[in-house]
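# Chains, contacts and geometry: an overview
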Amino acid sequence: MNYQWYPGHMTKAKRMMQENIKLIDLVIELVDARIPLSSRNPDIDELGKNKARLILLNKADLADDVCNKEWIAYFKKRGFHVLEINAKAGSGIKGVQGAVREACREKIERDRRKGIVNRPVRAIVVGIPNVGKSTFINSIAGKACTKTGNKPGVTKGKQWIRLNRELELLDTPGILWPRFDNQEVGRNLAFIGSMNDEILQKTELTIDLIGCLMINYKKELAARYQFPEEAETPLQVYEHICESRKCYKKGGEIDYEKGALLLLDDFRSGRIGRITLERPEESA
Ligand code: G4P
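Rules behind the numbers
- The residue count restarts for each chain, going from 1 along the sequence in the order it is written.
- With the structure being a predicted model, the display of local features is reserved for residues of pLDDT at least 70 and the display and counting of side-chain atom pairs for 80 or more, all residues being used for whole-chain, interface and lining totals.
- Note: side-chain values were computed over all heavy atoms of the structure, leaving out hydrogens and water.
- For the purposes of this section, nonpolar cores are sets of buried Ala, Val, Leu, Ile, Met, Phe, Trp, Tyr and Cys residues that join through side-chain atoms within 4.5 Å.
- To sort residues, take the accessible area from a 1.4 Å probe on protein chains only and compare it with the maximum for the residue type: under 20% means buried, over 50% means exposed, and anything in between is partly exposed.
- By definition, any uninterrupted DSSP run of H or I lasting at least four residues is a helix, any uninterrupted run of E lasting at least two residues is a strand, and each is numbered from the N terminus.
- In what follows, residue pairs with any heavy atoms lying within 4.5 Å of each other are defined as contacts.
- Two rings belonging to Phe, Tyr or Trp (six-membered ring only in the last case) form a pair when the distance between their centres is within 6.5 Å. Interplanar angles under 30 degrees mark stacking, angles over 60 mark edge-to-face geometry, and anything in between is tilted.
- All axes here are fitted lines through C-alpha atoms, helices being fitted over the stretch that makes contact, and every angle between N-to-C directions spans 0 to 180 degrees.
- Any angle that is under 35 degrees is reported as roughly parallel, and any over 145 degrees as roughly antiparallel; angles of 65 to 115 degrees are reported as roughly perpendicular and all others as oblique.
- Side-chain classes follow a simple rule in which Ala, Val, Leu, Ile, Met, Phe, Trp, Tyr, Cys and Pro form the nonpolar group, Asp, Glu, Lys and Arg form the charged group, and the remainder, Gly included, forms the polar group.
- Only one rule defines a salt bridge in this text: a Lys or Arg side-chain nitrogen within 4 Å of an Asp or Glu carboxyl oxygen.
- We define proximity as follows: a residue is near a molecule or strand when any one of its heavy atoms falls within 4 Å of that partner.
- Two N or O atoms count as a polar contact when they lie within 3.5 Å, although within protein this holds only if one can serve as hydrogen donor and the other as acceptor, and sequence-adjacent residues are included solely when both atoms are side-chain atoms.
- Surface accessibility follows the Shrake-Rupley procedure with a 1.4 Å probe radius. Residue values consider only the protein chains on display as shielding.
- Think of it as the arc spanned by the lines of direction from the helix axis to the C-beta atoms.
- Confidence scores per residue from the predictor, reported as pLDDT, run from 0 to 100.

What follows concerns the nonpolar core. If you look at the biggest cluster of nonpolar residues, it comprises 85 residues, and the most contacted ones within it are Leu-26, Ile-28, Phe-136, Leu-169, Leu-213, Leu-221 and Phe-267. For this core, the element with the most residues is helix H8 (residues 202-216), which contributes 6 residues. If we ignore the near neighbours within four places in the chain, the residues touching Ile-28 are Leu-54, Leu-56, Ala-123, Ile-124, Val-125, Val-126, Phe-136 and Leu-169.

Moving on, we get to the packing of aromatic side chains. Evaluated as defined, the whole model comprises 5 aromatic pairs. When the ring of Trp-71 is compared with that of Tyr-74, the centres are 4.9 Å apart and the planes differ by 70°; the resulting orientation is edge-to-face. Taken together, the residues span about one helical turn, with Trp-71 and Tyr-74 both in helix H3 (residues 65-77) at a distance of 3 residues. For Trp-71, a relative accessible area of 0% puts it in the buried group.

Let's shift gears to the packing of H8 against helix H9 (residues 218-225). Between H8 and H9, the least distance of the axes is 6 Å, while the angle of their chain directions is 115°. Between H8 and H9, the interaxial angle falls into the category roughly perpendicular. In this structure, H8 contributes Ile-210, Leu-213, Met-214 and Asn-216 to the contact, and H9 contributes Lys-218, Glu-220 and Leu-221. When its residues are assigned to classes, the contact of H8 with H9 shows 4 nonpolar, 1 polar and 2 charged.

A few words now on the pattern of salt bridges. With the rule as written, the count across this model stands at 20 salt bridges. Glu-29 is paired through a salt bridge with Arg-53; the nearest N and O atoms lie 3.2 Å apart. Of the two residues, Glu-29 is situated in strand S1 (residues 26-32) and Arg-53 in strand S2 (residues 52-58); the sequence distance between them amounts to 24 residues. The same class applies to Glu-29 as to Arg-53, namely buried. Its salt-bridge partner being Lys-69, residue Glu-84 comes within 2.5 Å of it at the nearest N-O pair. Taken together, the residues Glu-84 in strand S3 (residues 81-84) and Lys-69 in helix H3 connect sequence positions 15 residues apart.

Around the ligand, a shell composed of 15 residues is seen, among which Asp-61, Asn-130, Lys-133, Ser-134 and Thr-135 lie nearest. Here an oxygen atom of the ligand and a side-chain polar atom of Lys-59 are 2.9 Å apart. Within the contact set of the ligand, a nitrogen atom lies 2.9 Å away from a side-chain nitrogen or oxygen of Asp-61. Isolated, the ligand exposes 710 Å² of accessible area, and the fraction of that covered by the protein chains is 62%. It is helix H6 (residues 133-141) that provides the largest number of residues to the shell around the ligand, a total of 3 residues. Counted by class, the shell around the ligand contains 5 nonpolar, 6 polar and 4 charged residues.

The next thing to look at is helix H4 (residues 96-103). For H4, the set of buried residues is Val-96, Gln-97, Ala-99, Val-100 and Ala-103. Viewed along the axis of H4, the buried residues span an arc of 160°, placing them on a single side of the element.

What follows covers helix H7 (residues 183-192). Among the 10 residues in H7, 7 count as buried, and that is most of the element. Residues of H7 that are buried include every one of Val-185, Gly-186, Asn-188, Leu-189, Ala-190, Phe-191 and Ile-192, and no others. Here H7 starts with a cap whose side-chain oxygen sits 2.8 Å from the backbone nitrogen of Glu-184, and that cap is Asn-182.

Residues with a pLDDT of 70 or more make up 89% of the protein, whose mean pLDDT is 88. Predicted confidence is poor over residues 149-155, with pLDDT under 50, and the contacts of this stretch with residues over four places away or in other chains come to 10 contacts.

On to the environment of His-240. In this structure, His-240 sits in helix H10 (residues 234-244). His-240 sits in the partly exposed class, given a relative accessible area of 24%. Taking the C-alpha atoms as reference points, His-240 and Ala-222, separated by 18 residues in sequence, lie 9.5 Å from one another.

This brings us to the packing of H10 against helix H11 (residues 256-268). Contact geometry of H10 with H11 gives a least axis separation of 9 Å together with a crossing angle of 90°. When the axis of H10 is compared with that of H11, the two are roughly perpendicular. In this structure, H10 contributes Leu-235, Tyr-238, Glu-239, Ile-241 and Cys-242 to the contact, and H11 contributes Tyr-256, Glu-257, Gly-259, Ala-260, Leu-262 and Leu-263. In terms of residue class, the contact of H10 with H11 is built from 8 nonpolar, 1 polar and 2 charged.

As structure tokens, this is what we get:
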């Protein structure tokens, strides 16, 4: 299947990012903990060079806990500050302030040496669509924050959310574009629902997903849909899933489309289990 992204939006998004990144000290990059590489765009490393960097493994609640720890180690080894969070439930958010301070230690020291005190760190939240940027901003900002805009030195119209004396966030997150040139990346994004499902062949997507899940999560699949151990191909498993959930058409034949929707929804909501589709050792 050919996985497409909307390249038309790329140039605009990139221009916005270039403009906004000039204003900030710290890039807070959200990635999806289930596919931490496919859900980031490597260009952010170029755009964000000379800035402090913090990666948040978001949706950590949906990802395999062991893999979350491995991914944290992976990014730390590459010089990033990293935290796992669940922006929706708010877990891990408390650690963000400490991580920001750590990531910006050099800037804070530099300011102090120059006699600049009480200048907050300015940060932008970036990530591909649907990774949880707005949820994170809402979660960290809560209700207690104040918005400040049109300060001297701030581009007119830009809004800053003052979280506390130490940290201000640009209120509009930066949208990154995924690496649409790579089919595997496209497929991973389609699995987690970050592509428009309407344009995808859901039955083919489902067979691909089952194939991936069978590598490391066959036990979880079998437990949820109670298929026999001898089911060996993704198609066999697919049929068992349809049968176990009574996905039939009127005449009694298997309704693959219905089975696909059911499985994709179960997977995306974490009902099959906490699953990570990309592993650091495969990308070392
Ligand atoms: P974006 O700004 O980057 O585009 O993403 P947004 O915050 O809109 O989040 C996209 C979806 O991901 C939302 O679900 C949101 O609730 C969910 N989400 C964000 N962070 C987490 C997380 O840490 N864990 C989990 N499990 N989900 C998260 P939605 O289906 O669009 O809305 P809703 O059903 O939650 O209302």
